[in-house]
Amino acid sequence: MKKRVNYMLMLIAASAILLTTVLLTLIYYNLFREQVMKDLRTNALLLAQEFSLDNTEEMIADGLTEELRVTCIDSNGTVLYDSVQSPKDMDNHGGRPEVSEALAAGEGRDARISSTFAENTFYYALRMQDGSVLRVAREADSIYQMFIGVLPGVLTVLAVVLLGCLLVSRLLTGKLIRPLQRLAANLDAYEEEEAYEELTPFVRMIKEQHQDIIKGARIRQDFTANVTHELKTPLTSISGYAELLETGMASEKEVQRFAGGIHKSANRLLNLINDIIKLSELDSSEQEFVTEQVDMYELAQTCVEMLQPNAEKHQVTLEFEKGEQRKCCTVKGNKQMLEELLYNLCDNAIRYNNPGGNVWVQVATREEQIMLKVKDNGIGIPFEHQDRIFERFYRVDKSRSKQTGGTGLGLAIVKHIIARHHASLELDSEVGVGTEIRVWF
Ligand code: ADP
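The structure contained in this document is the topic of the report that follows.

## Things to note about the packing of helix 6 (residues 252-283) against helix 10 (residues 410-420)
Across the interface, helix 6 lies against helix 10 with an axial gap of 10 Å and an inter-helix angle of 25°. Between helix 6 and helix 10, the angle is such that the two are roughly parallel. The interaxial crossing formed by helix 6 with helix 10 has left-handed handedness. For the pair formed by helix 6 and helix 10, the contact residues are Asp275, Lys278, Leu279, Glu281, Leu282 and Asp283 on the first element and Gly410, Ala412, Ile413, His416, Ile417 and Arg420 on the second. By residue class, the composition of the contact of helix 6 with helix 10 is five nonpolar, two polar and five charged.

## Thoughts on the packing of aromatic side chains
Applying the stated criterion across every chain, the model contains four aromatic pairs. The side chain of Lys375 reaches across the aromatic face of Trp360, ending 5.6 Å from its centre. Over the aromatic face of Phe223 sits the side chain of Arg392, whose NZ or CZ is 4.9 Å from the ring centroid.

## Comments concerning the pattern of salt bridges
Enumeration according to the criterion identifies 16 salt bridges in this entry. Here Asp283 and Arg392 are joined by a salt bridge, their closest N and O atoms 2.9 Å apart. Taken together, the residues Asp283 in helix 6 and Arg392 in the loop between strand 10 (369-376) and helix 9 (398-403) connect sequence positions 109 residues apart. Of the residues examined, Asp283 reaches a relative accessible area of 41% and is grouped as partly exposed. Look at Arg392 and you get partly exposed, because its relative accessible area is 22%. For the salt bridge of Arg351 with Asp347, the shortest nitrogen-to-oxygen distance reads 3.1 Å. Note that Arg351 and Asp347 are positioned in helix 8 (residues 335-351) at a spacing of four residues, about one turn of the helix. It is possible to trace a salt-bridge network through shared partners that takes in Glu98, Asp110, Arg112 and Arg135.

## So, a positive patch on the surface
Residues Lys2, Arg170, Lys175 and Arg178 make up a contiguous surface patch of positive charge. Considering each element in turn, the positive patch owes the most residues, three residues, to helix 4 (residues 143-185). Considering the arrangement of structural elements, one finds Lys175 in helix 4.

## Details of the nonpolar core
One finds Met296, Leu345, Val361, Val363, Leu372 and Phe441 to be the most contacted residues of the largest nonpolar core, which totals 51 residues. If you look at the next biggest cluster of nonpolar residues, it comprises 20 residues, including Met59, Cys72, Leu126 and Met146.

## Considering the sheet that holds strand 4 (residues 119-127)
Spatially, five strands are ordered 2-1-5-4-3 in an open sheet, and the strand pairing comes out antiparallel. Two strands close off the open sheet at either side, each with one partner strand: strand 2 (79-82) and strand 3 (107-113). Strand after strand, the sheet turns through a mean of 20° between neighbouring axes, direction not considered. Pairing of strand 3 with strand 4, which is carried by seven bridges, proceeds in the antiparallel orientation. Bridge pairing links Ala111 to Phe122 in strand 4. Relative to the sheet, helix 1 (residues 2-50) contacts strand 1 (69-73), strand 3, strand 4 and strand 5 (133-141), its axis offset from that of strand 4 by approximately 40°.

## Examining the sheet that holds strand 12 (residues 434-440)
Taking strand neighbours across the sheet as the criterion, the five strands line up as 7-9-10-12-11 in an open arrangement whose pairing is mixed. Edge positions in the sheet fall to strand 7 (317-320) and strand 11 (424-430), since each of these pairs with one other strand and no more. Taken over all neighbouring pairs, the strand axes of this sheet differ in orientation by 15° on average, direction set aside. Taken strand by strand, helix 7 (residues 296-313) contacts strand 7, strand 9 (358-366) and strand 10, and its axis lies near 165° from that of strand 7.

## Observations concerning the environment of Tyr241
Summarising the element assignment, Tyr241 is placed in helix 5 (residues 200-246). Distance in space between the C-alpha atoms of Tyr241 and Ala259 is 7.5 Å, their sequence separation being 18 residues. The contacts of Tyr241, once residues within four sequence positions are left out, are Phe258, Gly261 and Ile262.

## Details of the site of the ligand
By nearness alone, 20 residues border the ligand, and Arg351, Tyr352, Ser401, Gly408 and Leu411 come closest of all. Contact between the ligand and Tyr352: an oxygen atom at 2.7 Å from a side-chain N or O atom of the residue. Measuring from an oxygen atom of the ligand, one finds a backbone N or O atom of Leu411 at 2.8 Å. Elements supplying a minimum of two residues to the shell around the ligand: helix 8 and helix 10. Of the residues that constitute the shell around the ligand, the class distribution is eight nonpolar, eight polar and four charged.

About the thresholds
Residues numbered from 1 in each chain as written. Predicted model: local features only at pLDDT ≥ 70, side-chain atom pairs only at ≥ 80, totals over all residues. Heavy atoms only, no water. Axes fitted to C-alpha atoms, helices over the stretch in contact; angles between N-to-C directions. Helix = DSSP H or I, 4+ residues; strand = E, 2+ residues; numbered from the N terminus. Parallel < 35°, antiparallel > 145°, perpendicular 65-115°, else oblique. Left-handed = near helix turned anticlockwise from the far one by under 90°. Contact = heavy atoms within 4.5 Å. Nonpolar A, V, L, I, M, F, W, Y, C, P; charged D, E, K, R; others polar. Phe/Tyr/Trp six-rings, centres within 6.5 Å; stacked < 30°, edge-to-face > 60°. Lys NZ or Arg CZ within 6 Å of the ring centre and 35° of its normal. Salt bridge = Lys/Arg side-chain N within 4 Å of Asp/Glu carboxyl O. Buried < 20%, exposed > 50% of the residue type's maximum accessible area, 1.4 Å probe, protein only. Patch = residues over 30% accessible without salt bridge, like charges linked within 9 Å, V, L, I, M, F, W, Y side chains within 5 Å. Areas by Shrake-Rupley, 256 points an atom, 1.4 Å probe, with all protein chains shown as cover. Lys, Arg positive; Asp, Glu negative; His and termini not counted. Charge placed at Lys NZ, Arg CZ, Asp CG, Glu CD. Core = buried A, V, L, I, M, F, W, Y, C linked by side-chain atoms within 4.5 Å. Pairing = 2+ DSSP bridges. Near = heavy atom within 4 Å. Polar contact = N/O pair within 3.5 Å; in protein donor to acceptor, adjacent residues only side chain to side chain.

Quick look at the structure:
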């Protein structure tokens, strides 16, 4: 980039200088040409007053023909006198533009370039009273010669300007690039104020992205550590029970107890692995998200039916509140995910309840939105935990969660599903009173 800026700047400067030189030479040469012609005309007029074929010797003696070539041509074009060549060696001049013009109109002019292009010969012809034509000519630099003449000066200027361009471009590109290099070298230590105005939004964006990446990496690291820890507990317990069984010394009753322990731990492992798989599927953005029109009313009703045995086990009354105009409660979404969401919310409402408690599930239309409400009169969530229960593995009461088969991932999955469906969640909870969760689609 630096090289390109250098190159472009120098190219522009060189073109500008060359173009200006050509243009100025052209203008100047035109002026010069006019001046030469004017001088020739004055000379011709002066000469015409004294000129006669007899006094040519005197003219030469007076030095009049030193710079000028003087030719006299009669009305037929025959050369009568020439100050340089013998008239006998010269062909008919009637056809020369300046001569024919002078014969016709009284005066004529022309400029002809030499074979080497170095010089121009300027001619001015004047018809005299006796009908013959007096022609004066002089040589002067041609435009090419003039251009070559100014070239050393132009090249010097060019060299100076190019050097200047190089320095300026170095200075400017350096100023442009230095903050970027510093940013790349140490992103964290870089202050937004160090950058120039145009770079600030870019720096801000990069820093934010960088922080997001670090945060993401930390979350993943924490998650891995948590997963390892969570897997270790049931596996240790399975291994312990198996070891006891291996000795063959356990009584029949104990064998049953140990097998029950193994069964419970294995189930916990299965639940955990299932939830981890679901979360990782929800995490990966490439995963296909198939949507359809899902009847939330029907889905909630089915879920409630399915969870009845579970509710009975916990001595909780699980109720689906019917009665709404059910036709309008369809949501465009992924059926499997919405099922998962319903299941997790209802399951929590049952598990974190008291014997004899209630869970109410409702699907309704409110303010042109579809609302799913899961309400319980269970143990409630202390206010200070309410923000954090959607984090992975966050539990208010760890032992209760584990005892009831919780993985600590249910609400994290709920949060992801809600985000995928661009829905929103509201939570009202009070310890000892109960919890109400509303999801708006
Ligand atoms: P878990 O598998 O432990 O239930 P979740 O992610 O589903 O994990 O829930 C996180 C925590 O939020 C639970 O451990 C529990 O403490 C609390 N919680 C969730 N739902 C309720 C509820 N309806 N009533 C009381 N506490 C709840």
